[in-house]
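Letter by letter, the chains look like this.
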Amino acid sequence: MRFSGILNHISALYADFGIGDLGKSAYDFIDFLSEAKQTIWQILPINPTSFGDSPYQCFSTFAGNPLFICPKKLVAMDILSPENIVHNITFPDNIINYADVFALKDKIFRKAYENFAPNAHFLDFASKNVNWLDDYALFTALKNFFIKERKYATLPEGENADYFYGAVWSTWEKGIAQREPAAIAHYRDLIADEINYHKFLQYIFYTQFAELKAYAAKNDICIMGDIPIFVAYDSADVWANPELYKLNKNGLPTTVAGVPPDYFAEDGQLWGNPLYDWKKHADDGYAWWISRISQALECFDILRLDHFRGFYSYWEIMYGAKTAKKGKWQAGPKHELFNAIYDKLGEIPIVAEDLGIITPQVTKLLNDLNLPAMRVLQFGFDGDAANTHLPHNFDTNNLVVYTGTHDNDTTEGWYKTATEKTRDHFRRYLNTSGENPAHYLIRTAMLSTADTAIIPIQDLLALGSNHRTNTPGTLSSNWQFRLKKDQLHSHHASHMAYLSKLSNRNKQ
């Protein structure tokens, strides 16, 4: 079977509170997908974002992002009145101002929490998710407490990297930073109400997400979620499970993750995430990973594993390095991790993000696991007729083809800034004058032999570079894109429906 869908993160939806949420605009987007005869809605990670607002640097790999909670649905729950969600903030109409969004939503949510009486559903949620919820709620409450009280140390010079948000856990008081039982008991009592507030937010988030997922299923829409391979250092995951990562005696990373120089960045990408101690993971049967994937499957119909090649081997960079140029490849868990996951969870619908430096060994691992790989059309026009991202070189149908990903420029922006050699190859390959490049690249993706085609929402709307989602290797102006109100129209849906029928993809 052949399928297609749209890449559009929840944050990019239009909503009245400055950021996309799990309310009406999300349901409207599902209706749009259905009208467009699509069956996949791909989103980015849904976890609570940290410094830089990146969904790939989050405070938890298990928790949901409270900013995606829809305040209007809290009114429907009778824990807020309509007056409680009235505000006079004028948000930008096509970008996200995270500071203002957080301030407004935190004020609204704390009022809702005051009016909320824990019920059987809440208690059941807390019980079922105790393996991560207790640690996350305590972690977040502690972070807020230490920031408010200014009771945290300053990291040594050279170690206060930007990806460490304020009051990183290793700067807390020694007892609680090292999770001494007496310190945990003390703070659980001292900030009990704040802890419960964050449990409440997670209950609301996952309740709203489950309702949305059910609506998507009713309309035959599969949600593809994104699973980053690494976790943020300043996260509940690392604080609660330091033994699973390569840390020194002070709790700081010894080495960090990234990738060597590639298409996206000439200095490589220094992500800064701590690296897994894969031996420790293997010793307990990869229990943490099994738990992570199991929870993700409750949210998503399809999992996209980011940076798949890191499971075969990963780029290890010394902590404190300024760029990712100098590093070395280290062996990952390879088949062993996936065998452990499959033994516990059975067959799993996974898409492997296999971009970057891909060796024959990585390809063999992917093929052994029979996972769909990715192709990105923007990468194809370097003048090499043998380029694997060109459709005539697709050597299997077991592929997911994109015009571009969240890390690419929009197709309109890419074409305008590409070299003349690239534009010439593009024009000759697609037999076009170069006008409306996004249209031609979408058509090429849809008509390709790849089983699945995914189109970024910016390309469907033919938007320029100022609407791109992320520019790898940079810290400013990323993850801010969002749609304007009523920017999607029926003619966009009918165009995708036409291409879907023409290419024999999914709904007819």
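Structure report, in brief. Computed from a predicted structure; not experimentally measured.

Section: the sheet that holds strand S10 (residues 373-376)
Then comes step 1: Spatial ordering of the open sheet is given by S9-S6-S3-S2-S1-S12-S11-S10, a layout of eight strands whose pairing is parallel. Of all strands in the sheet, those with a lone pairing partner are strand S9 (350-352) and S10, marking the two edges. On average, each strand axis in the sheet is tilted by 25 degrees relative to the strand beside it, whichever way the strands run.
Then comes step 2: Here strand S2 (residues 40-42) pairs with strand S3 (residues 222-227) via three bridges, running parallel. Among the inter-strand pairings, Trp-41 is bridged to a residue of S3, identified as Ile-223.

Side note on the nonpolar core
Then comes step 1: Formed by 163 residues in total, the largest nonpolar core has its most connected members in Trp-41, Trp-172, Phe-300 and Phe-308.
Then comes step 2: The element contributing the most residues to this core is helix H8 (residues 192-218), with 11 residues.

Here we look at the sheet that holds strand S5 (residues 269-274)
Then comes step 1: Ordered by their spatial adjacency, four strands build an open sheet running S5-S4-S7-S8, and the pairing between neighbours is antiparallel. Of all strands in the sheet, those with a lone pairing partner are S5 and strand S8 (328-331), marking the two edges. In this sheet, adjacent strand axes meet at a mean angle of 50 degrees when their direction is disregarded.

Here we look at the packing of H8 against helix H11 (residues 287-299)
Then comes step 1: Interhelical geometry of H8 versus H11 gives an angle of 55 degrees and a closest axis separation of 9 Å. Here H8 lies oblique to H11, going by the angle between them. On H11, the residues touching Tyr-206, Phe-209 and Lys-213 of H8 are Gln-295, Glu-298 and Cys-299.

Concerning the packing of aromatic side chains
In this description, a pair of aromatic rings is defined by centroid distance and the angle of the planes.
Then comes step 1: Summed over the entire model, instances satisfying the criterion amount to 49 aromatic pairs.
Then comes step 2: Seen from their ring centres, Phe-29 and Trp-41 are 5.1 Å apart, and the 65 degrees between their planes marks the pair as edge-to-face. Of the two residues, Phe-29 is situated in helix H1 (residues 24-35) and Trp-41 in strand S2; the sequence distance between them amounts to 12 residues.
Then comes step 3: Of the residues examined, Phe-29 reaches a relative accessible area of 2% and is grouped as buried.
Then comes step 4: For Trp-41, a relative accessible area of 1% gives the class buried.
Then comes step 5: Measuring from ring centre to ring centre gives 5.8 Å for Tyr-56 and Trp-479, while their planes differ by 45 degrees; the resulting arrangement is tilted. Linking Tyr-56 in the loop between S2 and helix H2 (71-76) with Trp-479 in the loop between helix H17 (457-460) and helix H18 (490-502), this pair joins segments that are 423 residues apart in sequence.
Then comes step 6: Sitting over the face of the ring of Trp-239, Arg-179 holds its NZ or CZ atom 4.4 Å from the ring centroid.
Then comes step 7: Sitting over the face of the ring of Tyr-312, Lys-334 holds its NZ or CZ atom 4.6 Å from the ring centroid.

A closer look at the environment of Asp-407
Then comes step 1: Within the secondary structure layout, Asp-407 lies in the loop between strand S11 (399-402) and helix H14 (411-417).
Then comes step 2: Taking the C-alpha atoms as reference points, Asp-407 and Tyr-319, 88 residues apart in sequence, are found 24 Å from one another.

Observations concerning unusual backbone geometry
Then comes step 1: Not every positive phi belongs to a glycine, and Asp-220 is a case in point at roughly 60 degrees.
Then comes step 2: Locating Asp-220 in the fold gives a position in the loop between H8 and S3.
Then comes step 3: Phi is positive for Asn-370, which is not a glycine, with a value near 55 degrees.
Then comes step 4: Tracing the backbone through its elements, the reader meets Asn-370 in the loop between helix H13 (360-368) and S10.
Then comes step 5: On the accessibility criterion, Asn-370 (57% relative accessible area) is exposed.

Focus: the side chain of Thr-422
Then comes step 1: Among the structural elements, Thr-422 can be located in helix H15 (residues 420-430).
Then comes step 2: For Thr-422, a relative accessible area of 15% puts it in the buried group.
Then comes step 3: Among residues more than four places away in sequence, those in contact with Thr-422 are Phe-381 and Trp-414.

Focus: the pairing of strand S6 (residues 302-305)
Then comes step 1: Where burial is concerned, the two faces of S6 agree: the one with Ile-302 and Arg-304 and the one with Leu-303 and Leu-305 are both buried.
Then comes step 2: Where S3 and S6 come together, four bridges link them in parallel fashion. The partner of Met-224 across the bridge, within S6, is Ile-302.
Then comes step 3: Bridge count between S6 and S9: three bridges; the pairing is parallel. Across the sheet, residue Arg-304 finds its bridge partner in S9, namely Val-351.

Let's talk about the state of the cysteines
Then comes step 1: Under the criterion given, the structure shown has zero disulfides.
Then comes step 2: Cysteine Cys-299 is unpaired, with the sulfur of Cys-58 as its nearest cysteine sulfur at 13 Å.
Then comes step 3: Residue classification places Cys-299 among the buried residues on the basis of a relative accessible area of 6%.

Considerations on H1
Then comes step 1: Over its 12 residues, H1 runs 16 Å from end to end, which matches the ideal 16 Å to within 8%, given 1.5 Å per residue.
Then comes step 2: Of the positions making up H1, those classed as buried are Ser-25, Ala-26, Tyr-27, Phe-29, Ile-30, Phe-32 and Leu-33.
Then comes step 3: Packed against the buried residues of H1 are strand S1 (3-7), S2, H2, H8, H17 and H18.
Then comes step 4: Just downstream of H1 lies Lys-37, where phi reads positive at about 60 degrees.

Analysis parameters
- Residues numbered from 1 in each chain as written.
- Predicted model: local features only at pLDDT ≥ 70, side-chain atom pairs only at ≥ 80, totals over all residues.
- Heavy atoms only, no water.
- Pairing = 2+ DSSP bridges.
- Helix = DSSP H or I, 4+ residues; strand = E, 2+ residues; numbered from the N terminus.
- Axes fitted to C-alpha atoms, helices over the stretch in contact; angles between N-to-C directions.
- Core = buried A, V, L, I, M, F, W, Y, C linked by side-chain atoms within 4.5 Å.
- Buried < 20%, exposed > 50% of the residue type's maximum accessible area, 1.4 Å probe, protein only.
- Parallel < 35°, antiparallel > 145°, perpendicular 65-115°, else oblique.
- Contact = heavy atoms within 4.5 Å.
- Phe/Tyr/Trp six-rings, centres within 6.5 Å; stacked < 30°, edge-to-face > 60°.
- Lys NZ or Arg CZ within 6 Å of the ring centre and 35° of its normal.
- Disulfide = S-S within 2.5 Å.
- Expected span 1.5 Å × (residues − 1).

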